[in-house]
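Residue strings, one per chain:
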Amino acid sequence: MTNPGDSTAVIMAAGMGSRMTDLNTECPKALLPVGRYPMIYYPIRTLEKSGFAEIIIITRQSCQAQFASALTPGMVPVKAKLEFLGISDQEDAGTADSLRLIADKVKTNALVVSCDLITDGDLLDLMSVHRKNDSSLTVMLSQLPTAITADTVVPGFKAKQKNNLGEKISIGFEYSNVEHVVYWKAQVDMEDELVAFSKKFLNRFPCARIQSSWTDCHVYLIRDFIIKYLKDKGELSSLQGELVPLVVKKQMSTFHPAKLQEEAGMDSPNGDLKLDKKKDLVDYAGETCNKLSHTIKSLSLTSPNFGSNEDAAQKDLIRCYAYRQTSGFCVRTNTIAAYAEASKQMPRLTSQFFLPKQTAFQNVPENTIIKPKSQVGADSMLGENVEIGEKVSIKKSVLGKFCRVGDGVKITNSVIMDDVSISQ
Amino acid sequence: MSASPAGGGGGKQTGSKGKGKHAKSPRMSSGGGAPSTVKKDESNSVAAKESSLNNQPATSANSQQNLQHPACAASCEGAQGGSNTDPSKDQSKQAKAKKPKAEPVKKPEGGEGGEQKSKAQLKAERRALQEAQRAAKEAKKKEAGGGGNETAAPPAVKKETTAEKPKAKAQPTSQPAKKVKPKEMIKDAPKGETEEEMWARKEKEILAKSLKIDNNILNLGFQYFYHRVVGANARCIAMLAELREVIGKYKTPPEKELCRDLEKSLLAPCITYINYCRPLSTSMGNAIKYLKYHINRIPSDMDDRTAIGQLQDVIDTFIQENILKASEAVALYANSKIVDGDVILVYAASSLICQVLKTAHVKGKKFRVIVVEGRPRTEGKSMLRFLVRCGIPCSYIYIGSATHAMGEATKVFLGAAAMFSIGDMHSRTGNSMIAALAQAYNIPVLACCETYKFTDKVQLHLADSNLHARGRDLIDPGPHNRPSVLLTSPEDAKSSEGSGSGGTASGPNLLNLMYDVTKSRHITMLVTELGMLPCTSVPVVLRRQEDLVAEV
């Protein structure tokens, strides 16, 4: 098919679903059904489509068995080889900690996907952006999720839930190259109304556009040296919250190749750089450079380092880029509203997700027993072995497996889980 | 076309594989010496004339072939990106070439009397059979609405790619097996694909073609395609650096020899991929030749580790000697020509010229530089940035005003991407203008080039090489105000406001050439690491290189 090129695919499924606790009591968030398959199946499918044959799934140790059984190829059409790794339940572990688990398996890049991302975007385009810019961290952004979940009525709440302000991130792009991310700050991290920009930043990026309408899809393509840095520095615990802003900020750092040998004292220009061989991210980046790569950059006519000396300071070692998904379907099912909406839209989208030759996919499987005078709308999806009584009308809904629906019931705009009985 | 002998008639072009063989074999089948060859030639031309008459019942498929070939050819230019000819010139050549090719082949039986079936006629019969079968298949495919022109197209593409290799190879029908890539590339060609669509498609396919290719090479391909690595030296070193890594990971499979297998299984796909992303430059080509030569010389009993180490050393020495040190040597020689008070004119950017100027400045010479800019690549800006960083006084002027700059300049330094064997210089579009202008003003033009960029090829005309970039780059008045007269594609038509053309590609086809040829008569002196040479010494240097290689 296509070549994912030595990247390690990781799905983060250890989240506890803190924004949808009502649904998470028995079932881990990643195994909640969306449409007919568990939520985690969709990122697996996206990765498979991009050519990954092996995927690592990081879960809580207690749920590991549940995952393994839910994702056996018999139950769910998974072609890739899945490897389950568990982090212990006790620690309040974040996504960065999960990444430390697999730090040794990462050869060139790590592609980190969250389990709650349902998208038909092509990860290969993400990798193209990563490759062509030689970027250190590529994120996937989309404005689609907010569009999709804008007006949903959340079940269980009387009033319409406001769009959670805490989720918003202000992202700044370079004006001339819209894929280049130069500023990243979550709104929760902003203390005052004012935002400060250093002169260095303005010199480097005189024209930047900052927007907060982009949703971070939590798909990160991370270079190996950043993983190494993560491993060495134990303080970071969240990818989205801490690592990404850090890397975006570190783009401004300069790499001084010669100074690495010196015993740098307190009068070193970058104060936080070296004290007792403490290394900054930039130094990790500098280590991975091919010895000729600086020569190449200084000879290439389009590079900003054109004509520079062999031992000059390198400014451009860390680069962050973003791939924007502008069309298609993309949603992060980490809130109840998003989850409900995604489930409801699933019947419509099955053709996009599943190739016709893959599974004979019918919204109403054959072993459904439907008594006469009942209607199942075309935009509904039923699980296996569902029994539906008489005069039942089901519209725009998703029913799980083994459901029993009594007579005369009307189901509209709902998501019903497995093994539910609805009586008259 | 480079160096195609002016063979008689369009049909006997050496480039055309099938035809070439056909044409040459009567001549080359020795045996009878002159008379028999003449006879066979005659019979050939007789056959051509006869079958041109016989061609009336030629199937519709055949004439369709002919019709579509110009279209194919025209868009093959874009698709191939290799050594292709100017569209307008080639169309007519091709149309002529196609017909004679088809006609003798269409001979149903034997042609002339059929008494003495010479080799040529047998071949012709076989060819006729193949063509008939192909035509039938095509006709079937046409009904199915498929890409029946694939079979027609590979001959066209083959013709162009082998324009520089006059040796007519064997079977044209083996093309579908071997040359899958050109076929895939021009699948859309018959629909009259515009250049825009070609670039869009290339962007998507660039990843699709990348199975089994090492990650580093993939990255490199992307960097080439998106013009992140530009410049003969930079591209060459980048490629060699990646090849070095890739070779380092190589393991000889059992029962295979490193010297043969390395090239076939590892290098060839990488190089094809890189070539697909952006056609190889002369510097890269020469480096690969050098590397292949050394791979072939690895003795079969050497173990992997040593062999790989040796190859990596070879690559390192090549880079050091031929590129890095050579640049320094060129800079030294060129410095002897820079005096205080000079006003040096340079065009766009060249890494070698940068080194020359920096060395001169470091030595303390007082001079100033005029940077002449060319669109659309505006590489002069990089040059300018570099000069400012060095502290050299500089000016910046657009090539349209180059005449004005010539009034002030005392010397012109140009950097080359390659030197042809007749002394012409292959470099960024615009250099030839500057050189010609400078000569008109009696200003010495010094071309700087390392010897590894010398090639024995000859390119006669700037448009012979179709190395070009996106046409859309040529016009960039801003994201919103593209004037409708320049609309080149339906998408543009839809996106711009108030376009009345209603979705059809109505604007001119843009051609964004990257390279041009500067005639040797415009170049005063060629500065290489071997010294200052006149341009006519290029073949001497090449011969010397060959001798050196043969000695070792």
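Throughout this description, residue numbers start from 1 for each chain and increase along the sequence as written. Chains carry letters from A onward and ligands carry numbers from 1 onward, assigned in written order. Where totals are concerned, whole chains, interfaces and linings use all residues; where local detail is concerned, this predicted model gives features only for residues with pLDDT of at least 70, and gives and counts side-chain atom pairs only at 80 or more. Excluding hydrogens and water, the side-chain values take into account all heavy atoms of the structure.

Observations concerning the sheet that holds strand β5 (residues 418–419) of chain B
All names here are of chain B.
Link 1 in the chain: For two strands to pair, DSSP has to find at least two bridges joining them. Going along the chain from the N terminus, every DSSP run of H or I of four or more residues is numbered as a helix, and every run of E of two or more is numbered as a strand. Read from one edge of the open sheet, three strands run β5-β6-β10, paired in antiparallel fashion. Both edges of this open sheet fall to β5 and β10 (515–518), since each of them pairs with a single strand only.
Link 2 in the chain: As judged from the four bridges shared by strand β6 (residues 425–428) and β10, these two strands associate in the antiparallel manner. In the strand pairing of β10, R428 is matched with Y515.
Link 3 in the chain: For this analysis, residues touch if any pair of their heavy atoms sits within 4.5 Å. Axes, fitted as lines to C-alpha atoms, cover a helix only where it is in contact. Angles between the N-to-C directions of the axes lie from 0 to 180 degrees. Strand contacts of helix α18 (residues 431–440): β6 and β10, with the helix running at about 25° to β10, the strand carrying the most contacts.

Regarding the interface of chain B and chain A
Link 1 in the chain: Taken together, the contact between chain B and chain A spans 39 residues of the former and 27 residues of the latter.
Link 2 in the chain: Buried surface at the junction of chain B and chain A, summed over both partners, amounts to about 2,800 Å²; 57% is from carbon and sulfur atoms.
Link 3 in the chain: Any carboxyl oxygen of Asp or Glu that lies within 4 Å of a side-chain nitrogen of Lys or Arg is treated as forming a salt bridge with it. On inspection of chain B and its partner chain A, the count reaches zero salt bridges.
Link 4 in the chain: Whenever a nitrogen or oxygen atom comes within 3.5 Å of another N or O atom, the pair is scored as a polar contact, on the condition that within protein one atom can donate a hydrogen and the other can accept it, and that pairs from neighbouring residues in sequence are kept only if both atoms are in side chains. Counting every contact that joins chain B to chain A gives 10 residue pairs in polar contact (both at pLDDT 80 or more).
Link 5 in the chain: Residue assignment for the side of chain B that touches chain A shows that the elements contributing at least two residues are α9 (195–208), α10 (215–225), α11 (232–248), α14 (304–335), α15 (351–362) and α16 (380–390) of chain B.
Link 6 in the chain: With seven residues, the single largest contributor to the side of chain B that touches chain A is α11(B).
Link 7 in the chain: Here the side of chain B that touches chain A is composed, by residue class, of 19 nonpolar, 10 polar and 10 charged. Summed over both partners, buried area is the accessible surface (1.4 Å probe) that two parts give up on being assembled. Residues are grouped as follows: Ala, Val, Leu, Ile, Met, Phe, Trp, Tyr, Cys and Pro are nonpolar; Asp, Glu, Lys and Arg are charged; every other residue, Gly included, is polar.

Focus: the packing of α10(B) against helix α12 (residues 258–277) of chain B
Residues and elements named next belong to chain B.
Link 1 in the chain: Direction vectors running N to C along α10 and α12 enclose 20°, while the axes themselves pass 8 Å from each other. Put simply, α10 runs roughly parallel to α12. Between α10 and α12 the crossing geometry is right-handed. Taking contact as the criterion, the partners of I217, L218, L220, G221, F222, Y224 and F225 in α10 are, on α12, C270, Y273, I274 and C277.
Link 2 in the chain: In terms of residue class, the contact of α10 with α12 is made up of 10 nonpolar, one polar and no charged. Note on angle classes: values under 35 degrees are labelled roughly parallel, values over 145 roughly antiparallel, values of 65 to 115 roughly perpendicular, and the remainder oblique. Rotating anticlockwise by less than a right angle from the far helix to the near helix defines a left-handed crossing, while the corresponding clockwise rotation defines a right-handed one.

Remarks on α14(B)
Link 1 in the chain: Here α14(B) contains 32 residues, and its C-alpha end-to-end distance of 45 Å stays within 8% of the 46 Å for a straight helix at 1.5 Å per residue.
Link 2 in the chain: Two axes are fitted around each residue, one to the seven residues ending there and one to the seven starting there, and the angle between them is reported as the bend at that residue. Of all the bends in α14(B), the greatest, near 40°, is centred on B:A326. Take the number of residues in a helix, subtract one, and multiply by 1.5 Å to get its expected span.

What about empty space enclosed by the protein?
Link 1 in the chain: In this analysis, the protein atoms alone were mapped onto a 1 Å grid. Cavities are point sets where a 1.4 Å probe fits without being able to get out; pockets are open sets with protein on both sides within 12 Å along at least five of seven lines; lining residues have an atom within 4 Å of a point. Grid points are joined across faces, edges and corners, and a volume is the space filled by probe spheres set on the points. The full count for this structure, using the stated rule, is nine cavities of 30 Å³ or more.
Link 2 in the chain: Of the volumes computed, that of the largest cavity is approximately 240 Å³.
Link 3 in the chain: Around the largest cavity, the lining comprises 20 residues; the ones closest to its centre are A:L301, B:A349, B:S350, B:G415 and B:A416.
Link 4 in the chain: Where the lining of the largest cavity is concerned, the elements lending two or more residues are α11, α15 and β6 of chain B.
Link 5 in the chain: Of the residues belonging to the lining of the largest cavity, the class tally is 10 nonpolar, seven polar and three charged.

Looking at the pairing of strand β2 (residues 367–373) of chain B
All names here are of chain B.
Link 1 in the chain: When accessible area is computed with a 1.4 Å probe and restricted to protein chains, residues below 20% of their type maximum are described as buried, those above 50% as exposed, and intermediate ones as partly exposed. Within β2, six of the seven residues are buried, which leaves it mostly tucked inside the rest of the structure.
Link 2 in the chain: Across six bridges, strand β1 (residues 342–347) lies against β2 in parallel orientation. Bridged to V346 within β2 is V371.
Link 3 in the chain: In this fold, β1 hands off to α15, which returns the chain to β2; that crossover is right-handed. Handedness of a crossover is defined as follows: with both strands directed away from the viewer, a clockwise route from the first strand across the helix to the second makes it right-handed.

A short note on the state of the cysteines
Link 1 in the chain: Criterion for a disulfide: a pair of cysteine sulfur atoms at a distance within 2.5 Å. Overall, the coordinates contain zero disulfides over all chains when judged by the stated rule.
Link 2 in the chain: Cysteine A:C207 is unpaired, with the sulfur of A:C320 as its nearest cysteine sulfur at 19 Å.
Link 3 in the chain: The exposure class assigned to A:C207 is partly exposed, which follows from its relative accessible area of 40%.
Link 4 in the chain: Of the cysteine sulfurs around B:C535, a residue in no disulfide, the closest is that of B:C449, at 9.8 Å.
Link 5 in the chain: By relative accessible area, which is 5% here, B:C535 ends up buried.

Notes on the side chain of B:S327
Residue and element names in this part refer to chain B.
Link 1 in the chain: Relative to the helices and strands, S327 resides in helix α14.
Link 2 in the chain: With a relative accessible area of 5%, S327 lands in the buried category.
Link 3 in the chain: Once you skip the residues sitting within four places of it in the chain, S327 turns out to touch N233, L352, Q355 and E450.

Focus: the pattern of salt bridges
Link 1 in the chain: Applying the stated rule across the entire model yields 20 salt bridges over all chains.
Link 2 in the chain: Taking the shortest distance from any N to any O, the salt bridge between A:K132 and A:E179 comes out at 3.7 Å. A residue pair is termed long-range when its members are at least 10 positions apart, and A:K132 in helix α4 (residues 123–133) and A:E179 in the loop between β9 (169–174) and β10 (181–186) qualify at 47 residues.
Link 3 in the chain: Classification of A:K132 as buried rests on a relative accessible area of 11%.
Link 4 in the chain: Between B:D342 and B:K411 there is a salt bridge, with its nearest N and O atoms 2.8 Å apart. One end of the pair, B:D342, is in strand β1; the other, B:K411, is in strand β4 (residues 411–415), with 69 residues separating them in the sequence.
Link 5 in the chain: When its relative accessible area of 5% is taken as the criterion, B:D342 is described as buried.
Link 6 in the chain: Residue class for B:K411 comes out buried when judged on its relative accessible area of 13%.

Quick notes on the side chain of B:D424
All names here are of chain B.
Link 1 in the chain: For D424, the location among the structural elements is in the loop between β5 and β6.
Link 2 in the chain: Separated by 2.9 Å, the side chain of D424 and the backbone nitrogen of S520 make a polar contact.
Link 3 in the chain: In this structure D424 touches A418, M419, Q459, V517, T518, K519 and S520, once residues within four positions along its chain are discounted.

Here we look at the environment of A:P33
Link 1 in the chain: By the secondary structure assignment, A:P33 is in strand β2 (residues 33–34).
Link 2 in the chain: In this structure the C-alpha to C-alpha distance between A:P33 and A:E179, which are 146 residues apart in sequence, comes to 34 Å.

As for the confidence of the model for chain B
Residues and elements named next belong to chain B.
Link 1 in the chain: For chain B, the average pLDDT comes to 70, and 57% of its residues sit at 70 or higher.
Link 2 in the chain: pLDDT gives the predictor's per-residue confidence on a scale running from 0 to 100. Helix α7 (residues 175–178) is the least confidently modelled element of chain B, averaging 38 in pLDDT, while strand β7 (residues 445–448) averages 96, the highest of any element.
Link 3 in the chain: This stretch, residues 145–192, has a pLDDT under 50; its non-local contacts, to residues over four places away or in other chains, come to 86 contacts.
Link 4 in the chain: In this model, residues 477–482 is a region of pLDDT below 50 whose contacts with residues beyond four sequence positions or in other chains number five contacts.
Link 5 in the chain: In the predicted assembly, ipTM is 0.81 and pTM is 0.72.

Structural notes on the packing of aromatic side chains
How two aromatic rings sit relative to each other is given by the distance of their centres and the angle of their planes.
Link 1 in the chain: Think of it this way: a Phe, Tyr or Trp ring, Trp meaning its six-membered ring, pairs with another when their centres are within 6.5 Å, and the plane angle makes it stacked under 30 degrees, edge-to-face over 60, tilted otherwise. Applying the stated criterion to the full structure yields 12 aromatic pairs over all chains.
Link 2 in the chain: Seen from their ring centres, A:Y229 and A:Y284 are 5.4 Å apart, and the 85° between their planes marks the pair as edge-to-face. Linking A:Y229 in helix α7 (residues 224–232) with A:Y284 in helix α9 (residues 281–288), this pair joins segments that are 55 residues apart in sequence. Pair check on accessibility: A:Y229 and A:Y284 agree, each one buried.
Link 3 in the chain: On the numbers, 6.3 Å between centres and 55° between planes, the contact of A:F306 with B:F386 is tilted. Here the residue A:F306 occupies a position in the loop between α10 (293–299) and β13 (320–325), and B:F386 occupies one in helix α16, the pair thus bridging two chains.
Link 4 in the chain: You can call B:F386 buried: its relative accessible area is 2%.
Link 5 in the chain: Within the aromatic cluster, the residues linked to one another by ring pairs are A:Y183, A:F197, A:F201 and A:F205.

What about the sheet that holds strand β12 (residues 531–533) of chain B?
All names here are of chain B.
Link 1 in the chain: Pairing in this open sheet of seven strands is mixed, and the strands run β3-β2-β1-β4-β7-β11-β12 from one edge to the other. Only two strands of the sheet have a single neighbouring strand rather than two, namely β3 (394–398) and β12. This sheet shows a mean twist of 25° between the axes of neighbouring strands, independent of strand direction.
Link 2 in the chain: Contacting β4, β7, β11 (525–528) and β12, α14 crosses the sheet at an angle of about 135° to β11.
Link 3 in the chain: Across the face of the sheet, α18 comes into contact with β1, β2, β4 and β7 while running at roughly 155° to β4.

Regarding the confidence of the model for chain A
All names here are of chain A.
Link 1 in the chain: Overall, the prediction assigns chain A a mean pLDDT of 78, with 83% of residues at 70 or greater.
Link 2 in the chain: Looking at the elements of chain A, mean pLDDT is at its lowest for strand β15 (residues 369–370), recorded as 70, and at its highest for strand β8 (residues 137–142), recorded as 91.
Link 3 in the chain: Throughout residues 356–361 the model reports pLDDT below 50, and contacts reaching past four residues in sequence, or to other chains, amount to 11 contacts.

Observations regarding the environment of B:A438
Residues and elements named next belong to chain B.
Link 1 in the chain: Relative to the helices and strands, A438 is located in helix α18.
Link 2 in the chain: On the accessibility criterion, A438 (0% relative accessible area) is buried.
Link 3 in the chain: With 76 residues separating them in the primary sequence, A438 and V362 have C-alpha atoms 27 Å apart.
Link 4 in the chain: Apart from the residues lying within four places of it in its own chain, the contact partners of A438 are M406, V412, I443 and V445.

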